[in-house]
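# An overview of the molecular structure
Next come the chains, spelled out residue by residue.
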Amino acid sequence: MTTVKGEVPVGSAEAPGRVDGRTARAERTRAAIVEAHLALISEGDLRPTGERIAERAGISLRTLWTNFKDMETLFEASGEELLRQQDAAYRPISPALLLAKRVDAYCRQRARLLQLIAPSARAAQMREPVSQQLRRNRLKHVDRVRDEVEQLFATELEQAGAGRDQLVNALVATSMWPNWSLLRDGLGLGVDQARAVMTRTVAALLSEPAAR
C-alpha cells in the first residue's frame, strides 16, 4: 500500500475525516428524527406515523427507516432522550433535610418532571400493551424513582422494619405517571392541586413507618 505525505494510505477503506463526517451526519439525522417524534407528540399527535415524523424532520421516509429499523428502535431512542431531559431538569435533594422539607421538595420535583414527560407518557399508554420497548422505557423510570426514594428516605425506610419493601412500593406507585394521570386527567386537578395530594400521600406513608 503506497502513501503520500499528509494523505491517507492509498487503498484504505475510508479516510478518517470522511468517516467522522458521515458519523456526525448520521447522528444529526437520528437526533432530528427523535426531536420530530417528540415534538409531534407534545403537540397532541400521540400516534405519529413514520410519514409524519419524516416530514417533520425534513427527511425522506427511506432515511427514517435507514436510521431506525422500526418503531420499537425509535421508541428506545426517544425514551433515552426523555431520560436525558429529566436528568438535565433534576435537582438533588439533601437527605439531611427535615422530613417535611424532603417530602415537599421531592413532590415538587416529581410534579415538575411528570409534567415534562406528560405528552410522551400519554402516548406511551396507548401503545404500551403492544410494545415491549415502551414497557422497558417505563421500567427505567420506575427504577430511577425507586433509587431516589431509597436514598432520600433511607432513615424512614429503615424504621419501617419488615414493612420496608411495601413502603417503598407504595411511595414509588404514588410518585409515578399513572397516579399523576389520575389526579390530572381523571380528577381534573391543576398541577398545584395534584402536587398537594401527592405531598399529603407521601407524608402520610412516611409518618410513623415502623407502625406499618
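Residues numbered from 1 in each chain as written. Predicted model: local features only at pLDDT ≥ 70, side-chain atom pairs only at ≥ 80, totals over all residues. Heavy atoms only, no water.

## A closer look at the packing of helix α4 (residues 71–89) against helix α5 (residues 99–127)
To keep it simple, the criterion reads: Helix axes use the C-alpha atoms of the stretch in contact, all axes being lines fitted to C-alpha atoms, and the angles between their N-to-C directions lie in the range 0 to 180 degrees. Secondary structure elements are defined from DSSP: runs of H or I of at least 4 residues count as helices, runs of E of at least 2 residues count as strands, and each element is numbered from the N terminus. For classification purposes, angles smaller than 35 degrees are called roughly parallel, those larger than 145 roughly antiparallel, those between 65 and 115 roughly perpendicular, and all remaining angles oblique. The contact definition used throughout considers only heavy atoms, calling two residues in contact when any of these lie within 4.5 Å. Think of it as three bins: nonpolar holds Ala, Val, Leu, Ile, Met, Phe, Trp, Tyr, Cys and Pro, charged holds Asp, Glu, Lys and Arg, and polar takes everything else, Gly as well.
Interhelical geometry of α4 versus α5 gives an angle of 170 degrees and a closest axis separation of 10 Å. With respect to α5, the axis of α4 lies roughly antiparallel. For the pair formed by α4 and α5, the contact residues are M71, F75, L82, Q85, Q86 and A89 on the first element and Q109, R112, L113, L116, I117, S120 and R127 on the second. Tallied by class, residues from the contact of α4 with α5 come to 7 nonpolar, 4 polar and 2 charged.

## A few points about the nonpolar core
Applicable threshold: As used in this record, nonpolar core signifies buried Ala, Val, Leu, Ile, Met, Phe, Trp, Tyr and Cys residues forming a set joined through side-chain atoms within 4.5 Å. Any residue under 20% of the maximum accessible area for its type is buried, any over 50% is exposed, and the rest in between are partly exposed; the area is computed with a 1.4 Å probe on protein chains only.
Residues I53, Y106, V149, F153, L171, W180 and V202 are the most contacted members of the largest nonpolar core, which totals 46 residues. Elements represented by at least two residues in this core include exactly α1 (16–42), α2 (50–57), α4, α5, α6 (132–152), α8 (164–175), α9 (177–186) and α10 (191–206). No other element matches the 9 residues that α5 contributes to this core. When residues no more than four places from it in sequence are discounted, the contact partners of W180 are A111, L114, Q115, V191, A194, R195 and M198.

## As for the packing of α5 against α6
Interhelical geometry of α5 versus α6 gives an angle of 175 degrees and a closest axis separation of 12 Å. The orientation of α5 with respect to α6, classified from their angle, is roughly antiparallel. Where α5 abuts α6, its residues R102, Y106, Q109, R110, I117, A124 and R127 lie against L134, H141, V145, E148, V149 and L152. Partitioning the contact of α5 with α6 into residue classes produces 7 nonpolar, 2 polar and 4 charged.

## With respect to the pattern of salt bridges
Quick note on the threshold: Any Lys or Arg side-chain nitrogen found within 4 Å of a carboxyl oxygen on Asp or Glu counts as a salt bridge.
Taken as a whole and assessed by the stated rule, the structure comprises 12 salt bridges. The residue R108 makes a salt bridge to D104 at a minimum N-O spacing of 3.0 Å. Taken together, the positions of R108 and D104, both in helix α5 and 4 residues apart, correspond to about one turn of that helix. Of the residues examined, D104 reaches a relative accessible area of 30% and is grouped as partly exposed. Measuring nitrogen to oxygen at the nearest pair gives 3.1 Å for the salt bridge that ties R122 to D185. Taken together, the residues span a long stretch of sequence, with R122 in helix α5 and D185 in helix α9 at a distance of 63 residues. Using a relative accessible area of 41% as the deciding quantity, one classes D185 as partly exposed. Salt bridges linked by common partners bring E150, R164 and D165 together as one network.

## Considerations on the packing of aromatic side chains
How we decide: Here is the rule: rings of Phe, Tyr and Trp (six-membered ring for Trp) pair when centre to centre is within 6.5 Å. Planes less than 30 degrees apart are stacked, more than 60 are edge-to-face, and the remainder are tilted.
Under the defined criterion, the tally for this structure stands at 1 aromatic pair. With centroids separated by 5.5 Å and ring planes inclined at 80 degrees, the aromatic side chains of Y106 and F153 adopt a geometry described as edge-to-face. Of this pair, Y106 sits in helix α5 while F153 sits in the loop between α6 and α7 (154–159), and the two are 47 residues apart along the sequence. Relative accessible area serves as the criterion here: at 1%, Y106 is assigned to the buried category.

Any functional reading would require information beyond the geometric quantities listed.
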